[in-house]
Amino acid sequence: MVPIINNIKQLDLKGSYTYADYLLWNFKERVELIKGKIFKMSPAPSSSHQRISGELTYLLSKVFRKSNCQMFVAPFDVRLVNYKKTTVDDRIISVVQPDLCVICDSEKIDEKGCIGAPDLIIEIVSPGNSNREMTIKYDLYEENGVKEYWIVNQAEKTILIYVLVEDKYVGIKPITEKGKLESPTFPALKFSVKNVFKQI
């Protein structure tokens, strides 16, 4: 039996790993696996981050509890599949934990989380901590077919929305605190953006 790894220092952070490896990790730190590479997640989210997440959870749950789609909040593993690999575990080289995600295909949901692309992913970025969401995750979600991707900027109180069109993301005009958000993918999902940031 392969032993569980309890310390991230035991691993080569420049190495390449799969979901099979990920299942053997029992770190105190939260990590994501993106295209086989380990990325340490930020420490526990700030109170502002948690307030924004709570407001979004409330606003989205009002819409999706009446639909066939299901909403999940972090920590929740989303496993993205590389179909060029051979075995099930080796195909999965990306495991991320979006702040919120919506999945409309129930067959993608199991006891370990989600396998395959959610329909909507929302990431809340902190000041000075947006590079991964704006570049690495943007590319990852686009390549894996996430239909709609939101980047919520708590410092600027804005929401950026990217929609998948012919396998490429197209951005719509940034929505400020005074604007109204209307999801291109989910017409019933609409709200005043000021509600998201009202507690910060």
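In case you missed it, the structure is sitting above this.
Summarised in this report is the structure supplied together with it. Everything numeric here is computed off the predicted structure, so don't read it as measured data.

### Some words on the overall build of the protein
Scanning the protein from N- to C-terminus turns up four helices and 14 strands. Computed over the C-alpha atoms, the radius of gyration of the protein is 17 Å, within 12% of the 16 Å expected from 2.2 N^0.38 for a compact globule of 200 residues. Across its three principal directions, the C-alpha atoms of the protein cover 55 × 30 × 30 Å. Looking at the protein as a whole, 43% of its 200 residues qualify as buried. For the protein, the computed accessible surface area is about 10,900 Å², with 50% contributed by carbon and sulfur atoms. Mean positive and mean negative side-chain charge positions of the protein (28 and 25 charges, respectively) differ by 5 Å.

### Examining the sheet that holds strand 6 (residues 100-103)
The strand order 3-6-9-10-11-12 describes an open sheet built from six strands, whose pairing is mixed. Bordering the open sheet on either side are strand 3 (70-73) and strand 12 (168-171), each of which pairs with just one other strand. Recorded for the sheet is a direction-independent mean angle of 20° between the axes of neighbouring strands. Bridge analysis of strand 9 (residues 120-125) against strand 10 (residues 148-153) gives six bridges, and the strand direction is parallel. Within strand 10, the position partnered with Val125 by the bridge is Asn153. Helix-sheet contacts for helix 2 (residues 47-64) involve strand 3, strand 6, strand 9 and strand 10, and the interaxial angle to strand 9 is about 160°. Against the sheet, helix 4 (residues 131-144) contacts strand 9, strand 10, strand 11 (158-165) and strand 12, and its axis sits at roughly 165° relative to strand 10.

### Looking at the environment of Lys137
In this structure, Lys137 sits in helix 4. Measuring from C-alpha to C-alpha, the distance between Lys137 and Tyr149 comes to 9.7 Å, with 12 residues separating the pair along the chain. Not counting chain neighbours up to four residues away, the residues in contact with Lys137 comprise Glu32, Ile34, Val96, Glu123, Arg132 and Tyr149. Polar side-chain contacts of Lys137 include one of 3.0 Å to the side chain of Glu32.

### Topic: helix 2
With 18 residues, helix 2 extends 25 Å between its outermost C-alpha atoms, agreeing within 8% with the 26 Å of an ideal straight helix rising 1.5 Å per residue. For helix 2, the set of buried residues is His49, Ile52, Ser53, Glu55, Leu56, Leu59, Leu60 and Phe64. The arc that holds every buried residue of helix 2, seen down its axis, measures 165°, which confines them to one face. Structurally, helix 2 contributes buried residues whose contacts are with strand 3, strand 6, strand 9, strand 10 and strand 14 (190-192).

### With respect to the nonpolar core
Membership of the largest hydrophobic core comes to 24 residues, with the highest contact counts inside it found for Leu56, Leu60, Trp150, Ile159 and Phe191. The set of elements that each furnish at least two residues to this core consists of helix 2, strand 6, strand 9, strand 10 and strand 11. The greatest single-element share of this core, amounting to five residues, is contributed by helix 2.

### Details of the state of the cysteines
Overall, the coordinates contain one disulfide when judged by the stated rule. Note that Cys69 is cross-linked by a disulfide to Cys104, the S-S spacing being 2.0 Å. Classification of the bridge connecting Cys69 and Cys104 rests on its S-S torsion, roughly 95°, and on that basis the disulfide is right-handed. Taken together, the residues span a long stretch of sequence, with Cys69 in the loop between helix 2 and strand 3 and Cys104 in the loop between strand 6 and strand 7 (109-110) at a distance of 35 residues.

### So, the packing of aromatic side chains
Scanning all chains against the criterion turns up 13 aromatic pairs. Ring centres 5.0 Å apart and planes at 85° place the aromatic pair Tyr138 and Tyr162 in the edge-to-face group. With a gap of 24 residues between them, Tyr138 in helix 4 and Tyr162 in strand 11 connect regions that are remote in the sequence. Chaining the aromatic ring pairs together yields one cluster made of Tyr17, Tyr19, Tyr22, Trp25 and Phe27.

### Some words on unusual backbone geometry
Leaving glycine aside, a negative phi is the common case for residues, and trans is the common case for peptide bonds. Residue Pro75 is reached from Ala74 by a cis peptide bond, and omega for that bond is 0°. Positive phi values are uncommon outside glycine, yet Lys35 reaches one of about 55°. One can find Lys35 in the loop between strand 1 (31-34) and strand 2 (37-40). The class for Lys35 is partly exposed, based on a relative accessible area of 39%. At Asp167, a residue that is not glycine, the phi angle is positive and equals roughly 70°. The exposure class of Asp167 is exposed, given its relative accessible area of 61%.

Rules used throughout
Residues numbered from 1 in each chain as written. Predicted model: local features only at pLDDT ≥ 70, side-chain atom pairs only at ≥ 80, totals over all residues. Heavy atoms only, no water. Helix = DSSP H or I, 4+ residues; strand = E, 2+ residues; numbered from the N terminus. Rg over C-alpha atoms; globule rule 2.2 N^0.38 Å. Buried < 20%, exposed > 50% of the residue type's maximum accessible area, 1.4 Å probe, protein only. Areas by Shrake-Rupley, 256 points an atom, 1.4 Å probe, with all protein chains shown as cover. Lys, Arg positive; Asp, Glu negative; His and termini not counted. Charge placed at Lys NZ, Arg CZ, Asp CG, Glu CD. Pairing = 2+ DSSP bridges. Axes fitted to C-alpha atoms, helices over the stretch in contact; angles between N-to-C directions. Contact = heavy atoms within 4.5 Å. Polar contact = N/O pair within 3.5 Å; in protein donor to acceptor, adjacent residues only side chain to side chain. Expected span 1.5 Å × (residues − 1). Arc of directions from axis to C-beta. Core = buried A, V, L, I, M, F, W, Y, C linked by side-chain atoms within 4.5 Å. Disulfide = S-S within 2.5 Å. Phe/Tyr/Trp six-rings, centres within 6.5 Å; stacked < 30°, edge-to-face > 60°.

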